[in-house]
Amino acid sequence: MERRRRAERALTTVVATCYLLGVSTRRMEKLVETLGITRLSRSQVSVMAKELDEHVADFRSRPLDAGPYTFVAADALVLKVREGGRVVNVHALVATGVNADGHREILGLQVTSAEDGAGWLSFFRDLTARGLSGVALVTSDAHQGLVAAIGATLPGASWQRCRTHYAANLMSVTPKASWPWVRTLLHSIYDQPDADSVVAQYDRVLNALTEKLPKVAEHLEDNRADVLAFTAFPKEIWKQIWSNNPQERLNREIRRRTDVVGIFPARDSLIRLVGAVLAEQHDDWIEGRRYLGLDVLARSRKSPPDATKPAPAEAISA
């Protein structure tokens with residue numbers, strides 16, 4: 001058992017706990033046999049869990065002393081846990097960042113009962129108390145509590161509205177028959193070669209939509225600054241900062257492990273497994289190649305110009 005990777009050992013303890021508590025399904029019973037843990041006792045599981053819990057606690061509370069963390073991304077996952085005799089949803093808040101050496105880090109993990117402003121504010125206050133600093137841009141979805149927490153705890157940082165999430169938001173106000181055209185126009189904004197061209201294309205898209213789809217044009221106009229925040233940074237890193245897609249890949253890795261469990265027997269077992277997965281990913285990132293080069297990071301830290309102001313536009317035909 002000692003030879004297992006931390007995340008696999010954490011999964012073993014959680015699955016074994018489910019089994020020993022009598023909350024397992026037939027699928028779980030087959031799984032524990034596959035994992036070779038049919039003879040584990042409660043005391044053995046407890047010893048394993050204690051060791052892992054200490055490691056995860058140390059990881060979650062470590063100083064964030066490798067900054068400045070120029071770019072940060074934040075997201076939440078909904079998971080199920082048994083509490084008070086019933087199954088409830090909880091939210092795992094996760095943040096990642098790019099440190100001064102250009103490597104990605106897992107910055108923090110907190111589990112809250114609701115994804116609300118109070119939870120996000122507590123989360124970001126913990127990050128700043130542990131040393132998070134020098135943040136120039138935070139990428140996330142448009143959850144109001146999350147955006148408010150960023151503004152309250154990271155003064156001076158810009159907020160980038162994830163392009164993938166924004167496309168879904170824009171689709172919700174677009175007539176179904178018109179969405180293919182609107183989606184093509186939206187993608188054309190991101191396909192431009194430089195910041196000035198992005199802004200000019202944004203205005204051309206607005207002009208094309210104002211008369212035919214005024215609600216869609218209004219939505220784009222209202223969210224201009226947040227959608228175009230990436231343009232203030234070097235072109236070569238736009239793909240890394242204009243969406244939460246890198247974070248979504250991390251979420252899929254978490255889901256790959258948590259889906260095995262389904263419903264966690266307790267909140268601490270959830271933190272153990274998700275924390276162990278994140279700790280392993282953190283180690284892989286730190287030991288791997290740089291996510292961003294030192295030169296582009298240095299240029300990103302300089303005060304960027306405001307590239308989101310409207311520019312002269314030309315009409316686009318449908």
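Residues numbered from 1 in each chain as written. Predicted model: local features only at pLDDT ≥ 70, side-chain atom pairs only at ≥ 80, totals over all residues. Heavy atoms only, no water.

1. Overview of the nonpolar core
Here is step 1: Grouped together as the largest cluster of nonpolar side chains are 37 residues, with contacts concentrated most on Phe-71, Leu-170, Leu-186, Leu-209, Leu-220, Leu-228 and Phe-230.
Here is step 2: If one sorts the elements of this core by residue count, helix 8 (residues 195-210) sits on top with eight residues.
Here is step 3: The residues contacting Phe-71, other than those within four sequence positions of it, are Thr-96, Gly-97, Val-98, Leu-137, Phe-233, Ile-237, Ile-241, Leu-292, Leu-297 and Ser-300.
Here is step 4: Formed by 25 residues, the second largest nonpolar core is a distinct cluster that contains Val-88, Val-94, Ile-271 and Leu-273. (Core = buried A, V, L, I, M, F, W, Y, C linked by side-chain atoms within 4.5 Å. Buried < 20%, exposed > 50% of the residue type's maximum accessible area, 1.4 Å probe, protein only. Helix = DSSP H or I, 4+ residues; strand = E, 2+ residues; numbered from the N terminus. Contact = heavy atoms within 4.5 Å.)

2. Here's the deal with the side chain of Arg-130
Here is step 1: Mapped onto the elements, Arg-130 comes out in the loop between helix 4 (117-129) and strand 4 (137-140).
Here is step 2: A distance of 2.9 Å separates a polar side-chain atom of Arg-130 from the backbone oxygen of Leu-107.
Here is step 3: When near neighbours in sequence (up to four residues on either side) are disregarded, Arg-130 contacts Phe-59, Arg-60, Ser-61, Arg-62, Pro-63, Leu-64, Leu-107 and Gly-108. (Polar contact = N/O pair within 3.5 Å; in protein donor to acceptor, adjacent residues only side chain to side chain.)

3. Overview of the confidence of the model for the protein
Here is step 1: Overall, the prediction assigns the protein a mean pLDDT of 85, with 80% of residues at 70 or greater.
Here is step 2: Contacts from residues 19-23, a stretch scored under 50 in pLDDT, to residues over four places away or in other chains number 11 contacts.
Here is step 3: Within the model, the stretch residues 310-318 combines pLDDT values under 50 with 21 contacts to residues more than four positions away or in other chains. (pLDDT = per-residue confidence, 0-100.)

4. Quick word on unusual backbone geometry
Here is step 1: Cis geometry is adopted by the peptide bond preceding Pro-68, which originates at Gly-67 and carries an omega value of 10°.
Here is step 2: Counting through the fold element by element, Pro-68 comes out in the loop between helix 3 (42-61) and strand 1 (71-83).

5. Overview of the pairing of strand 2 (residues 86-98)
For a regular strand, the rule is simple: side chains alternate between the two faces of the sheet.
Here is step 1: Counting buried positions along strand 2 gives 10 out of 13 residues, so the element sits mostly inside the fold.
Here is step 2: Sheet topology places strand 1 next to strand 2; 13 bridges connect them, and they run antiparallel. The residue of strand 2 that forms the bridge with Leu-77 is Ala-92.
Here is step 3: Judged from the eight bridges that link them, strand 2 and strand 3 (residues 104-112) form a sheet pairing that is antiparallel. Counted as the bridge partner of Thr-96 is Ile-106 from strand 3. (Pairing = 2+ DSSP bridges.)

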